[in-house]
Amino acid sequence: MVRRQSKLSKVLLSIVLILFGIYAAFPIIWMLICSFKQNDYIFYWPPKIIDESFSFNTYIKVLTDPVKLRFFLNSYIVSGVVVVLTLIIGIMAAYAFSRYNFKFKKPINSLIVGVQAIPQIVLLIPYMGIIVAMKLFNTYWALILTYLVMTLPYCILMMTGYFNTLSKELDDSVRIDGGSRFRALWGVLVPISTPALVSVGLYTFMTAWNEYLFALVLTQTTNMRTIPIGINLLITEHNYDWSMMMSMSVLGSLPILILFLFFQKYFISGMSSGAIKE
Amino acid sequence: MATITLKNISKVFESTGKKKSEENTRTLAVSDFNLEIKDKEFVVLVGPSGCGKSTTLRMIAGLEEISSGELYIDDVLVNDIEPKDRDIAMVFQNYALYPHMTVYDNIAYPLKLHKVPKAEIQERVMEAARILDIEQYLKRKPKALSGGQRQRVAIGRAIVRNPKVLLMDEPLSNLDAKLRNQMRAEIIALRSKINTTFVYVTHDQTEAMTLGDRIVIMKDGFIQQAASPQDAFDHPANIFVAGFIGAPSMNFFPGKLLRQGDVYCVQVEDLIVQLPEEKCARLAGKDVQPQDITVGVRPSHINVDTGVENELTGTINVSEMMGTEVHLHVKSSGNDVVIIVPVIGSYASYEKYLRQDEVVKFSFTGEACHVFDSEGKNLEF
Ligand SMILES: Nc1ncnc2c1ncn2[C@@H]1O[C@H](COP(=O)(O)OP(=O)(O)OP(=O)(O)O)[C@@H](O)[C@H]1O
Ligand SMILES: [Mg+2]
């Protein structure tokens, strides 16, 4: 029996969804609005969407300030390297988990799952010690290496699951056609896995791009800071430069937004892939 | 263009128990496998599920390590040679086409991996496509093809390189019955177009009988018999082969082997028939003694209502009208017997065989009898 949704319930549902939408979008909208105002106008009551202080000044200031641009550069370098390394290492580890049988496979797998369960703050002090001991304190590698610990488990588990849905005969076929296992992985399995790789890559990028705590502790000089720290540096004892913070936040969110829009179709199919085998 | 020699090949799968309490299990998938495959021969490995056919094929391909024994291709020991260096091609049951590539690229892929010049790739892909009649699909992705078309692409990818050996693992089992018959005919035709050694795996005895120069019947990892289809049909080495080859399956009756000098007779219940001279000579040559035996008779070799002395009797359980013949399932003193009655003459002459619970009398001649000892071995061997 097919039950038609009544008009009324459709309308009610729409209203509820719209309300939730506004609720979810409000901080972002407010961020955008504030970024175009001068700091003093932000707290005017009643609030206006556009007032007489509307300008792109804060954006121009951010984009012409070498110190702030350096924050962006740092974030791009760290996040970019983390994404590339996570995917390369994760793909190869996942291939091993999916296709080989080796000693201690189970315990290693449990370890990888377990790492995710540890609250990151617990790891902060030990990592600080390790990074200092390795003489990597206040370098990109300090952030890259610690971020890899956060992003790799998810990547390995996701990709192992995805590779498991791909028939092993594909590898066999490449090996018989004249390729190596390496070739089978990078020439066939990886191209087929684009949806999963895109969603894992986006997740990795977001994790690295947004990370605050480790970036705060493991870097020291202003020229090594990333965007989340850079925004926070605008809070000084005497002055909260809200509009500057907001415009930096907008600029900081932009790459993720663009990536999402660009990869949207993969991302959505990535989440549902594995359900249907093709 | 290659011979393959398998010498005492065995394969053991070791799987370690997941928990400490679980035993480590050893599966003997293939056991002491000996076979010499001649150049350009078409050998079919056939047997029930899990008998080790795929494992044997994968060992020939190099996809599965050989636990013990020696494998030679063209008299070169290849145990430790990578699949890519063995110059073989393989068609997989699930096709294993590369889904992100077009049909053209799928077929061209082995050539690309072997660094064949572009112009030659084009030529050879087109040639393979022509042989398999898939020229119009070259630009499509595998997703947009039917099962039969995908199968052709998989075969195309295998033959494009002119491999020494072409391996096929149940290539037709994913197709519907009609397409399977058609593809079977095409494989026979393909064989005359490309001169290669074929090793073909199937669990379907019809496929084995129609395709193979030689069929290798396997069970539980052991070769039961390796012979030409006709030979395996006429002289099955044991009860398993006798029951596996031929459809419907051979009937088995408990009986006795009687001997008088060099003349042997077979007794089933009260029916006694004399074995033909040729069989008697072979039994006498081995000095086979009278004993309890299992008598095998093919359904088409059983005659109904011939009026011979001491005919066996049974009642019809089910009768299936097949058009040119009727298949009777008869219950006869505890045995289920299948009898094929040819349909000739008027309706009235065979009408009684279509009735359930009808009593039929049946018999067979000595020529039709296969004699197996208590362990199931054919006494003639
Ligand atoms: N990777 C493996 N690990 C452990 N045991 C295996 C493995 N592969 C196959 N086996 C076992 O080896 C035996 C032979 O398997 P194989 O796949 O060769 O059978 P098959 O004759 O091809 O059967 P089918 O007709 O079902 O394909 C089976 O008992 C199977 O369970
Ligand atoms: Mg198999």
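Counting starts from 1 at the beginning of each chain's written sequence and moves along it residue by residue. To read the labels, note that chains go from A and ligands from 1, taken in the order they are written. Note on the predicted model: pLDDT of at least 70 is required for a residue's local features to be given, and 80 or more for side-chain atom pairs to be given and counted; whole-chain, interface and lining totals, by contrast, use all residues. The basis for the side-chain values is all heavy atoms of the structure; hydrogens and waters are excluded.

A.B. asks: Even after reading the chapter, I still don't get the overall build of chain B, so can you show me in this structure?
C.D. replies: What counts as a helix is a DSSP run of H or I of at least four residues, what counts as a strand is a run of E of at least two, and both are numbered from the N terminus. Summing up its helical and strand segments, chain B has 10 helices and 20 strands in all. In this scheme, a residue with accessible area under 20% of its type's maximum is buried, one over 50% is exposed, and one in between is partly exposed, where area comes from a 1.4 Å probe on protein chains only. Looking at chain B as a whole, 50% of its 381 residues are labelled buried. Where accessible areas are quoted, they stem from the Shrake-Rupley method and a 1.4 Å probe; at the residue level, only the protein chains shown are allowed to cover. As presented, chain B carries roughly 17800 Å² of accessible surface, and 48% of it is formed by carbon and sulfur atoms. In this tally, Lys and Arg are treated as positive and Asp and Glu as negative; His is ignored, and so are the chain termini. Note that the charge is assigned to NZ on lysines, CZ on arginines, CG on aspartates and CD on glutamates. Side-chain charges in chain B split into 44 positive and 52 negative, and the spacing between the mean points of these groups amounts to 10 Å.

A.B. asks: Before we go on, may I ask you to explain the environment of Phe372 of chain B in this structure?
C.D. replies: Residue and element names in this part refer to chain B. Following the sequence through the fold, Phe372 ends up in strand β20 (residues 370-372). Note: C-alpha distance between Phe372 and Pro229 (143 residues apart in sequence) is 20 Å. It only takes one pair of heavy atoms within 4.5 Å for two residues to be counted as in contact. Among all residues touching Phe372, those that are not within four sequence positions of it are Pro236, Asn238, Ile239, Ala242, Met250, Phe252, Ile293, Thr294, Gly296, Lys377, Asn378 and Leu379.

A.B. asks: Sorry if this is basic, but what is going on with empty space enclosed by the protein here?
C.D. replies: Any empty space left between the atoms is revealed when a probe the size of a water molecule rolls over them. The pocket and cavity definitions rest on a 1 Å grid over protein atoms only: a 1.4 Å probe that fits but cannot leave marks a cavity, an open set with protein on both sides within 12 Å along at least five of seven lines marks a pocket, and residues lining either have an atom within 4 Å of a point. Grid points are joined across faces, edges and corners, and a volume is the space filled by probe spheres set on the points. Enumeration according to the criterion identifies one cavity of 30 Å³ or more in this entry. The calculated volume of the largest cavity comes to roughly 40 Å³. In this structure, the largest cavity is lined by Ser173, Ile176 and Asp177 of chain A together with Ala89, Met90, Phe92, Arg157 and Ala158 of chain B. Secondary structure elements with two or more residues in the lining of the largest cavity: α7 (168-177) of chain A together with β6 (88-91) and α4 (147-159) of chain B. Broken down by element, the residue count for the lining of the largest cavity peaks at three residues, all from α7 of chain A. By residue class, the composition of the lining of the largest cavity is five nonpolar, one polar and two charged. For this classification, Asp, Glu, Lys and Arg are treated as charged, while Ala, Val, Leu, Ile, Met, Phe, Trp, Tyr, Cys and Pro are nonpolar and the rest, including Gly, are polar.

A.B. asks: Would you take a moment to explain the pairing of strand β11 (residues 251-260) of chain B for this structure?
C.D. replies: In summary, the side chains of a regular strand alternate between the two faces of the sheet. Residue and element names in this part refer to chain B. Pairing of β11 with strand β14 (residues 291-297) involves seven bridges; the strand directions are antiparallel. Across the sheet, Phe253 pairs through a bridge with Val295, a residue of β14. Pairing between strands is defined by DSSP: at least two bridges between them are needed. Two strands pair when backbone bridges link them, and β11 and strand β12 (residues 263-268) are joined in this way by five bridges, in the antiparallel orientation. What sits directly across from Lys256, in β12, is Gln267. The loop that links β11 with its antiparallel partner β12 comprises two residues; one of these, Gly261, has a positive phi angle of about 65°.

A.B. asks: Before we go on, may I ask you to explain the side chain of His327 of chain B in this structure?
C.D. replies: Residues and elements named next belong to chain B. Residue placement: His327 occurs in strand β17 (residues 325-332). Identification of polar contacts relies on pairs of N or O atoms within 3.5 Å, with a donor-acceptor requirement for protein atoms, meaning one able to donate a hydrogen and the other able to accept it, and with residues adjacent in sequence counted only if both atoms are side-chain atoms. Within the structure, His327 has its side chain in polar contact with the side chain of Glu325 (distance 3.0 Å). In contact with His327, other than residues within four places in its own chain, are Pro248, Val318, Ser319, Glu320, Met322, Ile339 and Ile340.

A.B. asks: Explain the sheet that holds strand β16 (residues 312-321) of chain B here, please?
C.D. replies: Strand pairing within a sheet occurs via backbone hydrogen bonds; the two strands may be parallel or antiparallel. Pairing in this open sheet of five strands is antiparallel, and the strands run β15-β19-β16-β17-β18 (chain B) from one edge to the other. The open sheet has two free edges, formed respectively by β15 (303-304) and β18 (335-342) of chain B, since each of these has just one partner strand.

A.B. asks: Where do I start with the sheet that holds strand β9 (residues 214-219) of chain B in this structure?
C.D. replies: Residue and element names in this part refer to chain B. Across the sheet, six strands lie side by side as β6-β7-β8-β3-β9-β10; this open sheet has mixed pairing. Among the strands making up the open sheet, the edge pair consists of β6 and β10 (222-227). Geometrically, the sheet is characterised by an average inter-axis angle of 15° between neighbouring strands, direction not taken into account. Both strand β3 (residues 42-46) and strand β8 (residues 197-202) contribute to a ladder of five bridges, which runs parallel. By the bridge assignment, Val44 is partnered in β8 with Tyr200. Packed on one face of the sheet, helix α1 (residues 53-61) meets β3, β6, β7 (165-169), β8 and β9 and runs near 150° to β7. For helices, the fitted axis covers only the stretch in contact; all axes are lines through C-alpha atoms, and the angles between them, taken along N-to-C directions, range from 0 to 180 degrees.

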